[in-house]
Amino acid sequence: STPREKKPNPFPLPTPFSSLTSISRGHPFRSDPKHPPPPVADLDRSPAPATPDPPDAGMEVIPAAAAAHDGQKQRFDLGVFVGDLPLDDDDAASDNESLEGLQQELEDCKNDQEVANILANGIKMRDYTKGVENSIRQVELDSIQDYITESENLVLLHDQISDCDNILSQMETVLTGFQTEIGSISSEIKVLQEKSMDMGLKLRNRKAAESKLSKFVEDIIVPPRMIDIIVDGEVNDEYMKTLEILSKKIKFIEADSMVKTSKALKDVQPEVERLRQKAVSKIFEFIIQKFYALRKPKTNIQILQQSVLKYKYTIVFLKEHAKEIYAEVRTAYIDTMNKVLSAHFRAYIQALEKLQLDIATSTDLLGVETRSTGYLFSIGKEPLKARSSVFALGERINVLKDIEQPALIPHISEAKSQKYPYEVLFRSLQKLLIDTATSEYLFSDDFFGEESLFQDIFAGPIQVVDEYFDAVLLNCYDAIGIMLMIRIIHQHQLIMFKRRIPCLDSYLDKVNMSLWPRFKMVFDLHLSSLRNANIKTLWEDDVHPHYVTRRYAEFTASLVHLNVEYGDGQLDLNLERLRMAIEDLLVKLAKMFPKPKMQTVFLINNYDLTIAILKEAGTEGGKTQLHFEEVLKSNIAIYVEEVLLEHFSDLIKFVKTRTSEDPASSSDKANIGDVEPLVKDFANRWKAAIELMHKDVITSFSNFLCGMEILKAALTQLLLYYTRLTECVKRVNGGSVLNKDLVSISSILYEIKKYSRTF
């Protein structure tokens with residue numbers, strides 16, 4: 001059957017309401033994901049009335065709504081106008097619908113929970129669809145009712161939106177004008193920025209040009225004040241500063257190639273050159289006048305030099321801008337100081353010569369006899385105290401302790417009538433030389449800026465000192481004095497090293513190299529005097545120490561003491577040679593005595609004296625002392641045997657022969673007749689013999705302590721021999737009868753102790 005025609009709605013919705021159909025589809029019922037809406041037919045599927053809604057249809061509803069809002073409170077029921085929705089007419093049409101594709105749609109919707117429930121419950125699709133459409137229709141009606149209720153607010157909102165739209169339109173117009181003005185301002189700013197950058201670049205260029213131009217003008221211009229100072233001013237601190245400015249201008253003109261091409265230079269250069277010549281002339285006269293002041297007598301050179309130092313820039317100016325004049329100034333200073341210092345040192349040396357005390361001559365040697373005419377003549381020339389310093393160091397060592405003391409002032413010492421050994425004068429002269437050299441070296445380096453200037457200045461003074469030194473050294477036979485001078489030079493080298501002044505290194509090395517050969521020559525003279533000594537003239541019939549031995553001991557002790565801190569191996573070898581020579585001489589002198597005992601006594605006395613002097617010198621022994629101690633011990637042993645043989649020769653011979661035999665067979669060979677005389681002889685005179693030995697020791701040995709030690713050794717050896725004799729007596733048949741004649745060991749020990757107490 002054909003579907004039933006739908007009747008037209010007698011109450012068509014106004015135009016604004018019709019738009020709410022789409023709003024109703026946004027109801028929360030539609031947005032629930034758990035209950036998706038079923039497909040519904042469009043509510044507007046019924047044909048609309050042929051005549052369109054009047055344009056003011058919507059406005060007719062507003063008064064009714066307003067009236068209801070004013071108090072009537074009657075709800076507008078759309079159901080009266082709409083009625084029920086007939087859906088039965090669609091059933092026949094649905095029966096004719098094709099089922100093609102249904103199976104595919106069921107497969108697609110099998111996961112939908114709502115579809116699954118419908119299929120499971122067996123609800124008819126038609127009934128379910130009808131119910132859904134009715135629900136939708138009801139929702140739509142409710143939404144329209146809500147719109148009608150809020151229509152007044154919507155109108156008010158519309159008016160407000162219109163007002164805002166007008167205001168925003170006005171603001172848009174204003175902002176568009178502002179935007180146009182800002183665009184024009186931005187263009188103007190860009191133009192101004194470009195002009196500013198251009199002006200900044202021009203300013204920098206002008207500043208750079210101005211700085212260069214101002215520097216050029218400042219460097220090349222010659223102020224009137226500078227001309228007045230250079231031409232008419234005195235040489236003072238202001239003059240020095242003006243010289244520096246003039247020097248900079250001269251260097252600027254000479255160094256810059258662009259300046260030479262400038263027109264300003266033609267006007268300025270002649271003036272600058274005249275100023276340079278005037279400055280050079282004035283400086284030359286000023287400096288030469290200062291140098292000539294050094295030639296005045298009694299001028300303190302160091303003080304005058306210090307006063308000249310503040311004008312040292314004048315020398316720098318001459319070096320840079322007048323080299324020929326500088327060479328003249330340099331030559332004038334060298335010539336002046338050379339002559340002045342040479343004269344000063346020459347006068348000082350002449351004054352020192354009056355203070356010199358001659359210590360030794362060519363005859364003052366170890367092996368020269370004192371009875372010679374020359375030696376007696378020299379004794380008359382100098383006091384005895386000076387002659388005692390020929391071989392002994394004594395107080396002469398003090399010159400090394402006073403190494404840094406100021407140089408002697410000759411007229412003060414001369415007024416006190418003081419005289420000094422040459423090493424004292426040598427130290428004073430060298431001290432004055434190194435102090436003067438230090439001052440001159442520092443001044444030359446500071447004022448002239450040339451270290452080489454010193455060598456030219458000091459060539460004359462050093463020559464004066466060398467001539468005097470060579471003359472003295474040529475006639476110097478004082479070996480101890482020469483060794484002291486060697487040590488003085490070494491100390492002065494250390495002083496100059498600490499000062500860091502190298503100017504006298506070569507001179508001090510040269511002096512040192514001159515002293516050592518002279519010392520070796522004088523030392524060899526002493527050595528030759530011992531080796532070639534005349535034994536007959538030296539020998540004296542006296543066992544006490546020889547004066548040559550004392551000379552040797554003092555001489556050796558002095559040299560050893562001066563070598564303690566230096567450890568010079570060459571000097572040690574020379575001392576060893578000297579020791580061998582004195583030993584040979586002493587042995588030769590000892591052989592002049594007729595008795596061996598006297599020879600031994602002579603050697604012991606001389607060895608003992610040598611050891612005592614070496615110990616007093618504080619040399620802590622040394623090889624020489626150790627050697628003499630060994631020789632002394634051997635000679636003491638020889639003397640003990642000789643003195644015992646002199647008094648107990650038979651007893652000693654018997655004991656030596658018997659103790660060398662076998663004790664088992666000695667009783668057969670010795671008998672009571674052999675030992676009885678020995679025992680009785682010893683018992684009768686042993687005390688007297690010991691007393692004689694004591695007197696002999698006292699008179700023979702000059703050193704009492706050494707003599708007592710020798711006596712003690714002799715008595716100890718005697719006790720040993722007598723003990724051996726008593727042992728022999730005990731082994732002799734019938735020896736017991738001699739017990740009454742034997743002296744008890746305790747008695748002998750008592751006598752030994754008695755002499756020990758004396759000791």
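Not measured: the values here are computed from a predicted model.

Cut-offs applied
Residues numbered from 1 in each chain as written. Predicted model: local features only at pLDDT ≥ 70, side-chain atom pairs only at ≥ 80, totals over all residues. Heavy atoms only, no water. Helix = DSSP H or I, 4+ residues; strand = E, 2+ residues; numbered from the N terminus. Buried < 20%, exposed > 50% of the residue type's maximum accessible area, 1.4 Å probe, protein only. Polar contact = N/O pair within 3.5 Å; in protein donor to acceptor, adjacent residues only side chain to side chain. Contact = heavy atoms within 4.5 Å. pLDDT = per-residue confidence, 0-100. Phe/Tyr/Trp six-rings, centres within 6.5 Å; stacked < 30°, edge-to-face > 60°. Lys NZ or Arg CZ within 6 Å of the ring centre and 35° of its normal. Salt bridge = Lys/Arg side-chain N within 4 Å of Asp/Glu carboxyl O. Axes fitted to C-alpha atoms, helices over the stretch in contact; angles between N-to-C directions. Parallel < 35°, antiparallel > 145°, perpendicular 65-115°, else oblique. Nonpolar A, V, L, I, M, F, W, Y, C, P; charged D, E, K, R; others polar. Core = buried A, V, L, I, M, F, W, Y, C linked by side-chain atoms within 4.5 Å. Patch = residues over 30% accessible without salt bridge, like charges linked within 9 Å, V, L, I, M, F, W, Y side chains within 5 Å. Areas by Shrake-Rupley, 256 points an atom, 1.4 Å probe, with all protein chains shown as cover.

(A) Structural context of the side chain of Glu-423. Counting through the fold element by element, Glu-423 comes out in helix H22 (residues 422-448). Look at Glu-423 and you get buried, because its relative accessible area is 1%. Engagement of the side chain of Glu-423 in a polar contact is seen with the side chain of Arg-396, the distance being 2.8 Å. Apart from the residues lying within four places of it in its own chain, the contact partners of Glu-423 are Arg-396, Val-399, Asp-478, Gly-481, Leu-484, Met-485 and Ile-488.

(B) View of the confidence of the model for the protein chain. On average, residues of the protein chain score 80 in pLDDT, and 79% of them reach the 70 mark or higher. Here residues 1-95 is a poorly scored stretch, pLDDT under 50, and it has 75 contacts once near neighbours within four places are set aside; other chains count. Within the model, pLDDT remains below 50 along residues 661-668, and this stretch shows 5 contacts once partners closer than five positions in the same chain are excluded.

(C) Here's a closer look at the packing of aromatic side chains. The tally for this structure, following the rule as stated, stands at 24 aromatic pairs. Relative to Phe-443, the ring of Tyr-333 has its centre 5.7 Å away and its plane inclined at 40°; by these criteria the two rings are tilted. Of this pair, Tyr-333 sits in helix H17 (residues 323-353) while Phe-443 is found in helix H22, placing the two residues 110 residues apart along the sequence. Both residues of the pair, Tyr-333 and Phe-443, count as buried. Grouped by ring-pair contacts, the aromatic residues Phe-291, Tyr-326, Tyr-333, Phe-443, Phe-447 and Phe-448 constitute a single cluster. Positioned over the ring face of Tyr-566 is Arg-487, at 3.9 Å from the centre of the ring. The aromatic ring of Tyr-477 is capped on one face by Arg-518, whose charged end is 5.0 Å from the ring centroid.

(D) Just the pattern of salt bridges, in detail. All chains considered together, the criterion is met by 26 salt bridges. In this structure, Asp-466 and Lys-510 form a salt bridge, with 2.4 Å as the shortest nitrogen-oxygen distance. On the criterion of sequence distance, the pair formed by Asp-466 in helix H23 (residues 453-474) and Lys-510 in helix H25 (residues 505-531) is long-range, its members being 44 residues apart. The class of Asp-466 is buried, set by a relative accessible area of 13%.

(E) Representation of the packing of helix H16 (residues 312-321) against H17. Relative to each other, H16 and H17 sit at 135°, their axes nearing to 6 Å. By the angle class used here, H16 and H17 are oblique. Here Ile-315, Leu-318, Lys-319 and His-321 of H16 lie close against H17, whose contacting residues are Lys-323, Ile-325, Tyr-326 and Val-329. A class-by-class count of the residues in the contact of H16 with H17 yields 5 nonpolar, 1 polar and 2 charged.

(F) Spotlight on unusual backbone geometry. Within the chain, Ser-417 stands out as a residue other than glycine whose phi angle is a positive 55°. Counting through the fold element by element, Ser-417 comes out in the loop between helix H21 (410-415) and strand E2 (420-421). The phi dihedral of Arg-500 falls on the positive side, at around 60°, and the residue is not glycine. Overall, the relative accessible area of 73% leaves Arg-500 in the exposed class.

(G) Summary view of the nonpolar core. Core analysis: the biggest nonpolar cluster contains 177 residues, and Phe-448, Leu-504 and Leu-515 have the highest contact counts within it. Beyond its immediate stretch of four places on either side in the chain, Leu-515 contacts Phe-426, Phe-469, Leu-473, Ile-482, Met-485, Ile-486 and Ile-489. Of all hydrophobic cores here, the second largest spans 5 residues; its members include Ala-553, Ala-557, Ile-613 and Leu-614.

(H) Broad picture of a nonpolar patch on the surface. On the surface, Ile-167, Leu-168, Met-171, Val-174, Leu-175, Phe-178 and Ile-182 cluster together to form a nonpolar patch covering roughly 690 Å² of accessible area. Within the element layout of this structure, Leu-175 appears in helix H10 (residues 151-220).

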